[in-house]
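# Fold and geometry: a report
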Amino acid sequence: KKAAKKAGKDDKKKRRKKKKRRKRRDAADAVWDQARFDRALRDTQMRRGLKSTNARKHIDAWRELLARVDTLKGDVRHDNRARVLYHLVSAEFDATSGLQTSMNVELWRAAAAHVLELIGLVAEQPTLLAPYTDDADAVTAADAALGAAALV
């Protein structure tokens, strides 16, 4: 009797865990709004550099946010994509600790691709640099294209 009762409790626990996992997966697949995206961005930024933080998991979190940019409502995708790419590239370079170890080829290529994508975004939308300049009108498409050509 005890074994049957224990098996019933184990089945209940398994069903509850499955239900929780399903809820998490459904919530993760939902379309995000700007406020939720900003919270996730801030939380991911806060975890950077903390003790016992796995650098690979941190990069995966940034890549997840990069995938979420396309599901955002409204016309803020370029700005958010640039913000996430900036932090993603930084995290990819931070993944190799110290000067004695070199960056593995896979991570290097991913970082290079993300840098080129970021440069492309700035070339398309030069106003993305406006928060980082003194005069918002000073950044023109020609300046962005010139900067992109110099880095390629």
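Residue positions are counted from 1 within each chain, in the order its sequence is given. For this predicted model, a pLDDT threshold of at least 70 governs which residues receive local features, and a threshold of 80 or more governs which side-chain atom pairs are given and counted, while totals over whole chains, interfaces and linings are taken from all residues. The basis for every side-chain value is the complete set of non-hydrogen atoms in the structure, without hydrogens or water.

### Some remarks on the packing of aromatic side chains
The condition that has to hold: Side-chain rings of Phe, Tyr and Trp (the six-membered ring for Trp) are treated as a pair once their centres are within 6.5 Å; stacked means planes under 30 degrees apart, edge-to-face means over 60, and tilted covers the remaining angles. A run of H or I in DSSP becomes a helix once it reaches four residues, and a run of E becomes a strand once it reaches two; helices and strands are each numbered from the N terminus. For each residue, the accessible area found with a 1.4 Å probe, counting protein chains only, is set against the maximum for its type, and the residue is called buried under 20%, exposed over 50%, and partly exposed in between.
Counted under the stated rule, the structure contains one aromatic pair. Between Phe 93 and Trp 108 the ring centres are 5.7 Å apart and the planes differ by 90°, which places this aromatic pair in the edge-to-face class. Highlighted residues: Phe 93 in helix H4 (residues 77–94) and Trp 108 in helix H5 (residues 105–124), separated in sequence by 15 residues. Overall, the relative accessible area of 38% leaves Phe 93 in the partly exposed class.

### Points about the pattern of salt bridges
We apply this condition: Each reported salt bridge corresponds to a side-chain nitrogen of Lys or Arg within 4 Å of a carboxyl oxygen of Asp or Glu.
Applying the stated rule across the entire model yields five salt bridges. With a shortest N-O distance of 3.5 Å, Arg 83 and Asp 38 are connected by a salt bridge. Taken together, the residues span a long stretch of sequence, with Arg 83 in helix H4 and Asp 38 in helix H2 (residues 34–47) at a distance of 45 residues. Under the relative-accessibility criterion, Asp 38 is labelled partly exposed at 26%. Here Arg 48 and Asp 94 are joined by a salt bridge, their closest N and O atoms 2.2 Å apart. Within this pair, whereas Arg 48 is found in the loop between H2 and helix H3 (55–68), its partner Asp 94 is found in helix H4, the two being separated by 46 residues in sequence. Judged by relative accessible area, which is 41%, Asp 94 ranks as partly exposed.

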